[in-house]
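# Fold and geometry: a report
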Amino acid sequence: MIDFIDYLLGGISSGAIIALMALALVLVWRSTRVVNFAQLGQAMFTTYIALTVRELTGSWFLGLIIAMAAGLIVGVIVHFLVIRPVKRLDTSGAIIATFGVLIALEALAAMVWGGDPEAFPPPINNSGYEAFGRIWPFSPYDLLVLASVVVLVLALSVVFTRTNVGLAMRASAFNPEVARLSGVRVNRMLVLGWAIAGLVGAVAGVLVAPLSTLSPTSFDIFLVFAFTAAVIGGLDSLVGAVAFGIGTGLVIALVSGYSDSSNAPLVALVLLVLNLLFKPEGVFSHHKARAV
Amino acid sequence: MLRIDGLSVNYGAVEALKNVSLDVPPGRVTAVIGANGAGKSTLMRTLAGLQKPLAGRVLFNDEDITGGKPEDIVRMGIALVPEGRSTIPDLTVEENLKLGGMWRTHAQRATSLTRVYALFPVLGERRDLGADTLSGGERQQLAIGRALMTGPQALLLDEPSLGLAPLIVTQILELVELMARDSGLAVLLVEQNAVTALRVAKTGIVLNLGEIVKSGPAQEIAQDEELRHAYLGY
């Protein structure tokens, strides 16, 4: 029983980070109906930027802020350079193009920063809290991760539900024609969706880097988990992405704890297949069915 | 106010509108009637910028707006209520309304919102509920309310009677007519339901297979038996 609690505690912060990554995928899907497989490549790239800023200035926080700004910009650039021209042809072309961006970003990062894994030390203590005479697998850094994710998700939900621009973004996602007839500049809302997704991904990247190491391909595995969470959540539901992101993190922690962490991607695949078999439209989706 | 001059539009390979010219003056309802497939919706979608014309011009207050984008045309003061009660079910009633006219000042929008709630009290009562909880007639009111939130000078109503009980249609259209008279709104109403449309309209225009076959005072059109048999089917 104490093992079970340990595994769950250990899974919370990675679950919260997967939630952010899933959120980034959902933000892009809602705005342009494209799954952006380059999302975590963008996050990897901005995390390297954060690492460089941190090495130059010594400030983790400044690194985070610069990475967030870079995430916004990279999101806009990817949208304009790659998605816009390809999307005019068809959607599957755009999805394949995002793979191209992923490969290009990984190659570029390897050229700039080298291909070897680099340490990205946590800004605060990452050893577990001590209580009731034992050490629990939950550290001050885990608390920082959790707090950052909660703040970001709350800020996003305020933007989406309480501001004009959030309403315009939601309307553009649900019904672009009605949005345009109401005077919303829908194309700008789509670009904004990609930009915010880039920012959310950048935060996820900076937060997840200390849990392992940073290399051009070190985030690839998280794409599998984030994609699983986003699809199970319904792909267009922000709530679903957060809920199933955390859920996926916990399930992976349990599987890794009781068996071996190399089984985690397999479990993600099983979850995905079960979802497609029994609830293909996703748990929180607005649509009744989805073509698979 | 709104002048359509020699408009031709293709819908796929079909010539949906052929050389259509008409005027939509302020302060009254102008009704375009005709059977299914006469080109009524194509006319409305072209005016709102959702479709590009082959030839002809659309003038609004003497300004050429032909081929403009929908989001620019609505900002100029032409609001379309498309066919099929175009509300967004995932948003609340008030969010649907607030979607209209976001470029306007806070004060202008607040005034419009008060006015819409006064016109359609049921929307005020349900403002925080999802738009999917509304009945068909209420959703039509919401769609019109959203268009009014953009502060239009011209209102385009595409087939508002579709799927609604006759009594509700009459109520809504009489309200629209009253609004046109009171505030100088130019209303272009497109309808299959000719009887109700001609009752509230000043001018009637009969459209058949993309061409105007008759136009004149609504009362005359309503009483023209030959016309009724030939084009309106009753």
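Given the structure is predicted, the values throughout are model-derived calculations rather than measurements.

Criteria and cut-off values
- Residues numbered from 1 in each chain as written.
- Chains lettered and ligands numbered in written order.
- Predicted model: local features only at pLDDT ≥ 70, side-chain atom pairs only at ≥ 80, totals over all residues.
- Heavy atoms only, no water.
- Helix = DSSP H or I, 4+ residues; strand = E, 2+ residues; numbered from the N terminus.
- Contact = heavy atoms within 4.5 Å.
- Pairing = 2+ DSSP bridges.
- Axes fitted to C-alpha atoms, helices over the stretch in contact; angles between N-to-C directions.
- Buried < 20%, exposed > 50% of the residue type's maximum accessible area, 1.4 Å probe, protein only.
- Phe/Tyr/Trp six-rings, centres within 6.5 Å; stacked < 30°, edge-to-face > 60°.
- Salt bridge = Lys/Arg side-chain N within 4 Å of Asp/Glu carboxyl O.
- Polar contact = N/O pair within 3.5 Å; in protein donor to acceptor, adjacent residues only side chain to side chain.
- Expected span 1.5 Å × (residues − 1).
- Parallel < 35°, antiparallel > 145°, perpendicular 65-115°, else oblique.
- Left-handed = near helix turned anticlockwise from the far one by under 90°.
- Core = buried A, V, L, I, M, F, W, Y, C linked by side-chain atoms within 4.5 Å.

## Digging into the side chain of Gln 141 of chain B
Structurally, Gln 141 of chain B is set in helix H6 (residues 136–148). When neighbours within four sequence positions are excluded, Gln 141 of chain B is seen to be in contact with Phe 120, Val 122, Leu 123 and Ile 172 of chain B.

## Regarding the sheet that holds strand S7 (residues 154–158) of chain B
By definition, the strands of a sheet pair up through backbone hydrogen bonds, in either a parallel or an antiparallel sense. All names here are of chain B. One open sheet accounts for six strands, arranged S6-S7-S8-S3-S9-S10; its pairing is mixed. On the outer flanks of this sheet lie strand S6 (78–81) and strand S10 (211–217), each paired with one strand and no other. Each strand axis lies, on average, 15 degrees off the axis of its neighbour in the sheet, ignoring direction. Pairing analysis gives four bridges linking S6 to S7, with the strands arranged parallel.

## Considerations on the environment of Leu 152 of chain A
All names here are of chain A. Looking at the secondary structure, you find Leu 152 in helix H5 (residues 140–162). A relative accessible area of 12% means that Leu 152 is categorised as buried. Separated by 78 residues in the primary sequence, Leu 152 and Val 74 place their C-alpha atoms 19 Å from one another.

## Section: the pairing of strand S8 (residues 186–191) of chain B
Residue and element names in this part refer to chain B. Counting buried residues in S8 gives six out of six residues, a clear majority hidden from the surface. Judged by which residues are buried, S8 turns out to be covered on both faces: Ala 186, Leu 188 and Val 190 on one side and Val 187, Leu 189 and Glu 191 on the other are all buried. The pairing of strand S3 (residues 29–33) with S8 spans five bridges and is classified as parallel. Counted as the bridge partner of Ile 33 is Glu 191 from S8.

## Section: unusual backbone geometry
Residue and element names in this part refer to chain A. One non-glycine residue, Arg 33, lies in positive phi territory at about 55 degrees. For Arg 33, the location among the structural elements is in the loop between helix H1 (2–32) and helix H2 (39–57). If you check the backbone angles, Leu 235 has positive phi at about 65 degrees while not being a glycine. Position of Leu 235 relative to the elements: it lies in the loop between helix H9 (220–233) and helix H10 (238–258).

## Overview of the sheet that holds strand S4 (residues 55–60) of chain B
Residue and element names in this part refer to chain B. Pairing within the open sheet is antiparallel, and its four strands lie in the order S2-S1-S4-S5. The open sheet is flanked by strand S2 (14–24) and strand S5 (63–64), the only strands paired with a single partner. Across seven bridges, the pairing between strand S1 (residues 2–11) and S2 is antiparallel. Across the sheet, residue Ile 4 finds its bridge partner in S2, namely Leu 22. Where helix H1 (residues 40–47) meets the sheet, it contacts S1, S2 and S4, and its direction lies at approximately 115 degrees from that of S1.

## A closer look at the packing of aromatic side chains
All names here are of chain A. Tallied over the entire structure, the rule returns six aromatic pairs over all chains. For the pair Phe 37 and Phe 99, a centre-to-centre distance of 4.5 Å together with 15 degrees between the ring planes defines the contact as stacked. Separated by 62 residues along the polypeptide, Phe 37 in the loop between H1 and H2 and Phe 99 in helix H4 (residues 91–113) bring together distant segments of the chain. Among the aromatic side chains, those forming a connected cluster through ring pairs are Phe 37, Phe 99 and Phe 227.

## A word on the interface of chain A and chain B
Listed by partner, the interface residues are 18 residues for chain A and 25 residues for chain B. Across the chain A-chain B interface, the total number found is four salt bridges. One salt bridge in this structure joins Glu 71 of chain B and Arg 180 of chain A, with 2.9 Å as the shortest N-O distance. Applying the counting criterion to the chain A and chain B interface returns eight residue pairs in polar contact (both at pLDDT 80 or more).

## Some remarks on the environment of Ile 66 of chain A
All names here are of chain A. Examined against the element boundaries, Ile 66 turns out to sit in helix H3 (residues 60–87). Residue classification places Ile 66 among the partly exposed residues on the basis of a relative accessible area of 36%. Put simply, Ile 66 and Val 34 are 32 residues apart on the chain and 26 Å apart in space, counted from C-alpha to C-alpha. Setting aside residues no more than four positions away along its own chain, Ile 66 makes contact with Ile 49 and Val 53.

## Focus: H9 of chain A
Residues and elements named next belong to chain A. The end-to-end C-alpha distance of H9, which contains 14 residues, comes to 20 Å, matching closely the 20 Å that a straight helix rising 1.5 Å per residue would cover. Burial of H9 is extensive: 10 of the 14 residues sit out of reach of the surface. Residues of H9 that are buried: Phe 222, Leu 223, Phe 225, Ala 226, Thr 228, Ala 229, Ala 230, Val 231, Ile 232 and Gly 233. For H9, the secondary structure elements touched by its buried residues are H1, H2, helix H8 (186–208), H10 and helix H11 (264–278). Immediately downstream of H9, the backbone of Gly 234 shows phi near 115 degrees, a positive value.

## Observations regarding the packing of H1 of chain A against H8 of chain A
All names here are of chain A. Across the interface, H1 lies against H8 with an axial gap of 8 Å and an inter-helix angle of 165 degrees. When the interaxial angle is binned, H1 and H8 end up roughly antiparallel. With respect to the hand of their crossing, H1 and H8 are arranged in left-handed fashion. Along its contact with H1, which presents Ile 17, Leu 20, Met 21, Leu 23, Ala 24, Leu 27, Val 28, Ser 31 and Thr 32, the element H8 presents Leu 190, Gly 193, Trp 194, Ile 196, Ala 197, Val 200, Gly 201, Val 203, Ala 204, Leu 207 and Val 208.

## A short note on the nonpolar core
Ranked by size, the top nonpolar core spans 83 residues in total, and within it Leu 20, Met 21, Leu 23, Phe 120, Val 200 and Leu 207 of chain A together with Leu 99 of chain B carry the most contacts. In contact with Leu 207 of chain A, other than residues within four places in its own chain, are Ile 17, Leu 20, Trp 60, Tyr 141, Val 145, Ser 148 and Val 149 of chain A. Membership of the second largest hydrophobic core comes to 44 residues, among which are Leu 134, Leu 142, Ala 194 and Val 206 of chain B.

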